[in-house]
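Commentary on secondary and tertiary structure
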Amino acid sequence: MVSGVSAEVSITMFRILLVLVFSLFQSLSNAGEQTPLRAGATYINYPNDTLRHFEHSLKLIERELGRPVIFSLYSIEKLEKAVKEGSLDLVFTGAGFVKRLQSSGLRMLATSVSPEKSNPNRSTGTAIVTLKSRTDLNTLADLKGKRLAAVSKDSFQGYQIGMGEINRQYPPAKSFFSKTKFVGLGDGLQMDLVLRALENNEADVGFLSACYLENNLSEKEREKFKVVNKTKQEDIPCEVSTTLFPNWTVSSLPSLEHESLRKITSVLFNMQADSNGRYWSVSADYRPVDELFKSLKIGPYEYLDRWTFQRAWAEYKVYVIALLLILLGIFGHSVRTEILIRKRTLELETAFKQQRKTEYEKQKAQSSLEKIMRLGIVGQMSTIFAHELKQPLNNIQCYITGTQRLLEEKNKNFLLIHHALDKIAQQSQQCAEVVDRVRSFAKKRQKSIVRVNVYDLLEKEIKEYEKLYPEDTDITLIKGSAIFVLLDRLDFKMVLFNLFRNAEQAERTTKHIKIEVLASVTKKNNHSFCSISVKDNGRRISDDAYEKISEPLFSTKEDGLGLGVQLIINTMEYYGGSLSFVRSENSGDGLTAIVELPLENKKNAS
């Protein structure tokens, strides 16, 4: 019985063994078929809690994916090459490496958190160290012009963070040190070479990652060195010289498929803290890394270190946009101004055309009105003309008849005959003057407008008048400074002759005729005029005559036609001037006729 049971147990155990062997074989077969997950990290001193944390995480990932994981350590240079070639799926690096190679497809998944570095945003920095015996090196300013030792130009904690602090306080960082010696390829295994360079006097100052002294040197060994520019940082328990940045990160590359990426992310955020209290979390602020690279002009901002369109745009974008806006504004203003100028020019041209048209119509209307007035005046004058000529013609007829009788007498009285002939000549002259005045008023001629000196013209016309009328007349010209006007000489001659003739024929108490002529400049309504006054020494005229003196066809002389004053008024109005009279209050001071002409007259002769 016992032997039977034992046989049964043996069979059962054999079956279980077969199943286990088959399962193991199947598992090994499947593992052989799975593509391994390729992971990499920068060199870290071993044994190291950070490295153990990476390995523990990868074991959990391997178990979740059911595929093998190959984990390798690289120098920064070789790790960068592997990322660019796409030969890795996951990388464990510092935050600076990830930001620098984002263009190659690196995407941060999680950030490491430890008990001593609980803030994932502020967990790492750089310690700027020198020998404690160097009493001359105590501040950053003391380091200027000294020799620097660092692991590699691509080391985030071992070089870039330190240079960022130098650049922040004493820019530009490139020229701060006299010489920089890179002692390794940027891996953690060679960080001790920085300290060796200080001890061998190959450098005056060195850059170490934060906490390197505390984690890798004994207290006695640390006594040889001191940290310069120590800053108080509550987020890490180490001496540090710079601001702090995010801790170690795990990042993925595009070669990792979506499902595996989802499972890896789930493993990282759900895993419990390891034996050293380390776990994965999320860093929410990588802006300090970005600002550091930008200030140093490295990584994605390397173009800023050379003049390219990208750098020019990045540095002067605001000014370029402002300039473009200004140019656009100037262009818009120019276009608007051009449009307004064209519009205004068109309006002015239209206005000028309308003005010319209005002036033409005005001149045409004035010409028609003048013709009508002339016809009306000539119609009125015809009666006066017949009446005025009738008397001197009758007198001439009487004198001729008397002369004929005197000639028929035997004893001829030649004195009376001579007297009669003189009277006939005077009456004929009067007839001629009447005819000339009517003709000059009724006939319109072409004017010749010239610029003349009033005093020169007055002297000339006074002399000519005195030759024609050599009576007992004394014309005095009171001279002044030269005055220039625009007028027609014949018009001016007609005006002066009428003024002189009226002054000469004024009623007076003495036979001596005295005429004073004065030219001066006057102003009315902000316009300048040439004022010519002709004053006689005749009797004071009556109130009735003074009121009517400017009316057409009015005359104070028995034989006057009343045309002279009207001719002067019409002539002055043509030039934009005027005629006025001033009556003296005293008898014997006579009447003063004043004509005014604009100093600047733009009217052309028609």
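Fair warning: this is a prediction, and the values are worked out from it, not measured in the lab.

Cut-offs and rules
- Residues take numbers from 1 onward in each chain, read along the sequence in its written order.
- Totals for whole chains, interfaces and linings use every residue, but because this is a predicted model, local features are given only for residues with pLDDT of at least 70 and side-chain atom pairs only at 80 or more, for both listing and counting.
- The side-chain values count all of the structure's non-hydrogen atoms but skip hydrogen atoms and water molecules.
- Helix numbering and strand numbering both begin at the N terminus, where a helix is a DSSP run of H or I of at least 4 residues and a strand a DSSP run of E of at least 2.
- Using a 1.4 Å probe on the protein chains alone, a residue whose accessible area is under 20% of its type maximum counts as buried, one over 50% counts as exposed, and one in between counts as partly exposed.
- Contacts: residue pairs with any heavy atoms within 4.5 Å of one another.
- Note on areas: Shrake-Rupley, 1.4 Å probe, and residue coverage restricted to the protein chains presented here.
- Any two strands are treated as partners once DSSP identifies two or more bridges connecting them.
- A carboxyl oxygen of Asp or Glu within 4 Å of a side-chain nitrogen of Lys or Arg is what we treat as a salt bridge.
- Here pLDDT means the predictor's own confidence in every residue, given as a number from 0 to 100.
- Only C-alpha atoms enter the line fits that serve as axes; for helices the fit covers just the stretch in contact. Angles between N-to-C directions range over 0 to 180 degrees.
- Two rings from Phe, Tyr or Trp (for Trp, the six-membered ring) form a pair when their centres sit within 6.5 Å of each other. Planes less than 30 degrees apart are called stacked, planes more than 60 degrees apart edge-to-face, and all others tilted.
- Should the NZ of a Lys or the CZ of an Arg lie within 6 Å of a ring centre and within 35 degrees of the ring normal, that charge is described as sitting over the ring.
- Here the arc refers to the set of directions running from the helix axis out to each C-beta atom.
- Throughout this description, any angle smaller than 35 degrees is read as roughly parallel, any larger than 145 degrees as roughly antiparallel, any in the 65 to 115 degree range as roughly perpendicular, and the remainder as oblique.
- A clockwise turn of the near helix away from the far one marks a right-handed crossing, whereas an anticlockwise turn of less than a right angle marks a left-handed crossing.
- The nonpolar class holds Ala, Val, Leu, Ile, Met, Phe, Trp, Tyr, Cys and Pro. Asp, Glu, Lys and Arg form the charged class, and all remaining residues, Gly among them, are polar.
- A pair of cysteine sulfur atoms is labelled a disulfide when the two atoms are within 2.5 Å.
- As used in this structure description, the phrase polar contact means that two N or O atoms lie within 3.5 Å; if the pair is within protein, one of them must be able to donate a hydrogen and the other to accept it, and residues adjacent in sequence are counted only when both atoms belong to side chains.

Per the secondary structure count, the protein includes 16 helices and 18 strands. Counting across all 606 residues of the protein, residues that qualify as buried make up 38%. For the protein, long-range pairs separated by at least 24 residues make up 74% of all intrachain contacts whose partners lie at least 6 apart in sequence. Element-wise, carbon and sulfur atoms account for 55% of the exposed surface of the protein, whose accessible area totals about 35600 Å².

In this section: the pairing of strand 15 (residues 513–524). In summary, the side chains of a regular strand alternate between the two faces of the sheet. Strand direction decides the pairing type here: strand 13 (residues 473–478) and strand 15, joined by 6 bridges, are parallel. Counted as the bridge partner of Ile475 is Ile515 from strand 15. Where strand 15 and strand 16 (residues 527–535) come together, 9 bridges link them in antiparallel fashion. Residue pairing across strands places Lys523 opposite Ser528, the latter belonging to strand 16. Remark: 2 residues form the turn of the hairpin made by strand 15 and strand 16, two consecutive strands paired antiparallel; Asn525 in that turn has positive phi of roughly 55°.

This part takes up the pattern of salt bridges. As enumerated under the stated definition, the model contains 25 salt bridges in all. Across the pair Arg134 and Asp136 runs a salt bridge whose closest N-O atoms are separated by 3.1 Å. For Asp285, the salt bridge is made with Arg287, and the minimal N-O distance between the two is 2.9 Å. Residue class for Arg287 comes out exposed when judged on its relative accessible area of 58%. By sharing partners, the salt bridges in this structure join Glu80, Lys84, Arg100, Lys153 and Asp154 into a single network.

Scored by pLDDT, the protein has a mean of 81; 80% of the residues are at 70 or more. Across residues 1–7, where pLDDT falls below 50, the model places 0 contacts with residues more than four positions away in sequence or in other chains. Here residues 602–606 is a poorly scored stretch, pLDDT under 50, and it has 13 contacts once near neighbours within four places are set aside; other chains count.

This part covers the sheet that holds strand 16. Sheet architecture is open: 5 strands sit in the order 13-15-16-18-17, paired in mixed fashion. Each end of this open sheet is capped by a strand with a single partner; those strands are strand 13 and strand 17 (578–583). Recorded for the sheet is a direction-independent mean angle of 20° between the axes of neighbouring strands. Lying on the sheet, helix 14 (residues 489–504) is in contact with strand 13, strand 15, strand 16 and strand 18 (591–598); it crosses strand 15 at an angle near 130°. Of the strands in this sheet, strand 17 and strand 18 are in contact with helix 16 (residues 564–574), which crosses strand 17 at around 130°.

Bringing the packing of aromatic side chains into the picture now. A full pass over the atoms with the stated rule returns 13 aromatic pairs. Their ring planes at 85° and their centres at 6.1 Å tell us that Phe156 and Phe293 sit as a pair that is edge-to-face. Taken together, the residues span a long stretch of sequence, with Phe156 in helix 5 (residues 156–169) and Phe293 in helix 10 (residues 287–296) at a distance of 137 residues. Overall, Phe293 belongs to the buried group, its relative accessible area being 1%. Aromatic side chains Tyr574 and Tyr575 sit 5.0 Å apart centroid to centroid with 85° between the ring planes, which places their arrangement in the edge-to-face category. According to the relative accessible area criterion, Tyr574 is buried, its value standing at 17%. Accessibility expressed as a relative area gives 4% for Tyr575, which makes it buried. Clustering of aromatic rings is evident, with ring pairs tying together Tyr159, Tyr170, Phe176, Phe177, Phe182 and Phe207. Above the plane of the ring of Phe484 lies Arg451, whose end atom (NZ or CZ) is 4.1 Å from the centre.

Right, let's talk about helix 3 (residues 76–85) for a bit. Of all the positions in helix 3, only Ile76, Leu79, Glu80, Ala82 and Val83 are classed as buried. In a view along the axis of helix 3, the buried residues occupy a sector of 160°, so they form one face of it. Facing away from the buried surface of helix 3 by more than 90 degrees, the exposed residues are Glu77, Lys78, Lys81, Lys84 and Glu85. Residues of helix 3 that are buried make contact with strand 1 (37–42), strand 2 (69–74), strand 3 (90–93) and helix 4 (95–100). Positive phi shows up at Gly86, right after helix 3, with a value of about 75°.

Turning our eyes to something else, we now look at the packing of helix 5 against helix 10. The geometry of a pair of packed helices is captured by two quantities: the angle between their axes and the separation between those axes. The N-to-C vectors of helix 5 and helix 10 enclose an angle of 70°; their axes lie 9 Å apart at closest approach. Taken together, the axis directions place helix 5 and helix 10 in an arrangement best described as roughly perpendicular. Crossing of helix 5 against helix 10: the hand is left-handed. Of the residues in helix 10, those touching helix 5 at Phe156, Gln160, Ile161, Met163, Gly164 and Asn167 are Val289, Leu292, Phe293, Ser295 and Leu296. Here the residues of the contact of helix 5 with helix 10 are counted per class, giving 7 nonpolar, 4 polar and no charged.

What the rule picks out here adds up to 1 disulfide. Each sulfur in the disulfide pair Cys211 and Cys238 lies 1.8 Å from the other. Residues Cys211 and Cys238 share a disulfide whose torsion about the S-S bond is about 100°; that sign makes it right-handed. Residue Cys211 is located in the loop between strand 8 (205–209) and helix 7 (212–216), and its partner Cys238 is located in the loop between strand 9 (225–228) and strand 10 (249–252); the two are separated by 27 residues in the primary sequence. Judged by its relative accessible area of 4%, Cys211 falls in the buried class.

This paragraph deals with the side chain of Thr242. Along the chain, Thr242 falls in the loop between strand 9 and strand 10. At 3.1 Å, the side chain of Thr242 and the backbone nitrogen of Thr126 are in polar contact. Sequence-distant contacts of Thr242, that is, excluding residues within four places in its chain, are made with Gly125, Thr126, Ile161, Gly162, Glu165, Thr231 and Gln233.

Attention now goes to the sheet that holds strand 11 (residues 279–281). What the 6 strands build is an open sheet, ordered 2-1-3-10-4-11; its pairing is mixed. Strand pairing shows two members of the sheet lacking a second neighbour, strand 2 and strand 11, which therefore form its edges. When the angles between neighbouring strand axes are averaged without regard to direction, this sheet yields 25°. In this fold helix 2 (residues 49–65) packs onto strand 1, strand 2, strand 3, strand 4 (107–113) and strand 11, with an angle of close to 155° to the strand it touches most, strand 2.

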